[in-house]
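Observations on the three-dimensional arrangement
Residues per chain are reported as follows:
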Amino acid sequence: MTLLTPDDLYNVSRQFEKNNDIIKRATGQGIRDICESVYNTRLGNEKIGIIPITAGNGIIDNFAESLFTITNYLKLDGFITNHTDVAGYYEAVNQNADILLMADDYVFIAHNLRNGKIATNHVCTGVIYAEIASRCKYADTKDILVIGLGKVGYAGASHLIRKGFNVYAYDPDNEALNSAVQELGVHPYDIHRDGKKFCMVFEATPNENTITKDMISERCLVSTPGIPCGLSPELGNDYDVDLVMEPLLIGVASMLYSVI
Ligand code: NAD
Ligand code: 2YH
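Residues numbered from 1 in each chain as written. Chains lettered and ligands numbered in written order. Predicted model: local features only at pLDDT ≥ 70, side-chain atom pairs only at ≥ 80, totals over all residues. Heavy atoms only, no water.

What about the domain arrangement of the protein?
Partitioning the protein into domains gives domain 1 (12–120 + 251–259) and domain 2 (123–245). Computed from C-alpha atoms alone, the centre-to-centre distance between domain 1 and domain 2 is 25 Å. With 21 residues of domain 1 at the contact, the number on the domain 2 side is 18 residues. Summing both partners gives a buried area of about 1500 Å² for domain 1 against domain 2, and 58% of it is carried by carbon and sulfur. Area buried by domain 1 at its contact with domain 2 is led by Arg-25, Ala-26 and Thr-27, which between them contribute 29% of it. Run the count over domain 1 and domain 2 and you get 1 salt bridge. (Domains from an automatic or database assignment. Contact = heavy atoms within 4.5 Å. Buried area = accessible area lost by both parts, 1.4 Å probe. Salt bridge = Lys/Arg side-chain N within 4 Å of Asp/Glu carboxyl O.)

Some thoughts on the pairing of strand 3 (residues 99–103)
Most of strand 3 sits out of view: 5 of its 5 residues are buried. Alternating positions in strand 3 separate into two faces, Ile-99, Leu-101 and Ala-103 on one and Leu-100 and Met-102 on the other, with burial throughout. Pairing geometry for strand 1 (residues 47–50) and strand 3, over 3 bridges, is parallel. The residue of strand 3 that forms the bridge with Ile-50 is Leu-101. As paired strands, strand 3 and strand 4 (residues 108–112) are joined by 5 bridges and run antiparallel to one another. Along strand 4, the bridge assignment pairs Ala-103 with Phe-108. (Buried < 20%, exposed > 50% of the residue type's maximum accessible area, 1.4 Å probe, protein only. Helix = DSSP H or I, 4+ residues; strand = E, 2+ residues; numbered from the N terminus. Pairing = 2+ DSSP bridges.)

Topic: the packing of aromatic side chains
Evaluated as defined, the whole model comprises 4 aromatic pairs. Measuring from ring centre to ring centre gives 5.4 Å for Phe-63 and Phe-108, while their planes differ by 65°; the resulting arrangement is edge-to-face. One end of the pair, Phe-63, is in helix 3 (residues 63–73); the other, Phe-108, is in strand 4, with 45 residues separating them in the sequence. In this structure, Phe-63 and Phe-108 share a single accessibility class: buried. Here the aromatic rings of Tyr-189 and Phe-198 are separated by 5.5 Å at their centres, their planes lie at 80°, and the arrangement is edge-to-face. Through successive ring pairs, a cluster of aromatic residues spans Tyr-168, Tyr-189 and Phe-198. The lysine or arginine in question, Lys-196, covers the ring of Tyr-168, its NZ or CZ lying 5.1 Å from the ring centre. (Phe/Tyr/Trp six-rings, centres within 6.5 Å; stacked < 30°, edge-to-face > 60°. Lys NZ or Arg CZ within 6 Å of the ring centre and 35° of its normal.)

With respect to the sheet that holds strand 10 (residues 216–223)
On the basis of which strands lie adjacent, the open sheet formed by 6 strands has the order 8-7-6-9-10-11 and parallel pairing. The open sheet has two edge strands with one neighbour each: strand 8 (187–188) and strand 11 (242–244). Relative to strand 8, strand 7 (residues 166–170) is paired through 2 bridges, and the arrangement is parallel. Pairing of Ala-169 across the sheet is with Pro-188, part of strand 8. Across the sheet, helix 1 (residues 12–27) is in contact with strand 10 and strand 11; its angle to strand 11 comes to roughly 130°. (Axes fitted to C-alpha atoms, helices over the stretch in contact; angles between N-to-C directions.)

Focus: the pattern of salt bridges
Overall, the coordinates contain 9 salt bridges when judged by the stated rule. Put simply, Glu-131 and Arg-135 hold a salt bridge, and the shortest N to O gap is 2.7 Å. For Lys-196, the salt bridge goes to Asp-143, with nearest N and O atoms at 2.8 Å. Placement of Lys-196 in the loop between strand 8 and strand 9 (198–203) and of Asp-143 in strand 6 (residues 143–147) is noted, with a sequence separation of 53 residues between them. One connected set of salt bridges, linked through shared partners, spans Arg-25, Arg-219, Asp-240 and Asp-242.

Section: the packing of helix 2 (residues 31–39) against helix 9 (residues 249–259)
It is at 10 Å that the axes of helix 2 and helix 9 come closest, and there the two elements cross at 35°. Crossing of helix 2 against helix 9: the hand is right-handed. On the side of helix 2, the interface is formed by Ile-31, Arg-32, Cys-35, Glu-36 and Tyr-39, while helix 9 contributes Ile-250, Ala-253, Ser-254, Tyr-257 and Ser-258. Residue classes in the contact of helix 2 with helix 9 are distributed as 6 nonpolar, 2 polar and 2 charged. (Left-handed = near helix turned anticlockwise from the far one by under 90°. Nonpolar A, V, L, I, M, F, W, Y, C, P; charged D, E, K, R; others polar.)

What follows is the structure, encoded as structure tokens:
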């Protein structure tokens, strides 16, 4: 289990703006347009109740505040409840929240109380980062590499298969890799043998240096929610990589669009 730290969340809207510029440059569209087309929804004037949760490792400084910043950034009407946990839930419902956002150590959800839709951060993050990678405007094939097939990576790989991409995937955990081969139909990618290079890469691991020079072509698009980043700054510079990596806003935008 990886938990966000207050440092990860430093100036979340600035981090997002920088990434949105890269997304626009590499795909031709910004994150809002991409979310609208993935989910076929538009954000309106929904009221978002953000509930701090003390379970497990407890409150993360800056987490609820960052979600509040994100709701403002998306021009939604957000508020953080004064109470935590069940009392916070009760408060949010009584304050007429349309959508609730809350996370413990394992699951982070958006729940739309008006239409009953519920979404998890790991699925929505996987879907949107995979979608971003798949939109690389320099790609001339439908081959895409997925690195890491955990909760986020599997959801992204599944999305790419649904969209008709040729998905190559690597995970050192054989059980995770075999499930994705059998259930989704991804091609197993052997980093030591295949020598195939990709223009579109979706990485979802909690480790550094998961991306090597044998995997990527010059000017490729690497889209990764993984913390820390799997691409070293040196490799990113040498290969002139368009790197999309942001700790919270892109995934939360995806969650909100998915429950509208
Ligand atoms: P997980 O533990 O469920 O899965 C991680 C997977 O990566 C595992 O299957 C593991 O075997 C695999 N892996 C580890 N090292 C690897 C390597 N060198 N090459 C290939 N695969 C490797 O984790 P998760 O919930 O899927 O989250 C993945 C990452 O995404 C974490 O760092 C998490 O913090 C981050 N995350 C970020 C956001 C965001 O908005 N930026 C949102 C959710 C999760
Ligand atoms: O960071 C996390 C977990 N990794 C779950 C996310 C799933 N992708 N949870 C945040 C915990 C927040 C805390 N309980 C709070 O401040 O409310």
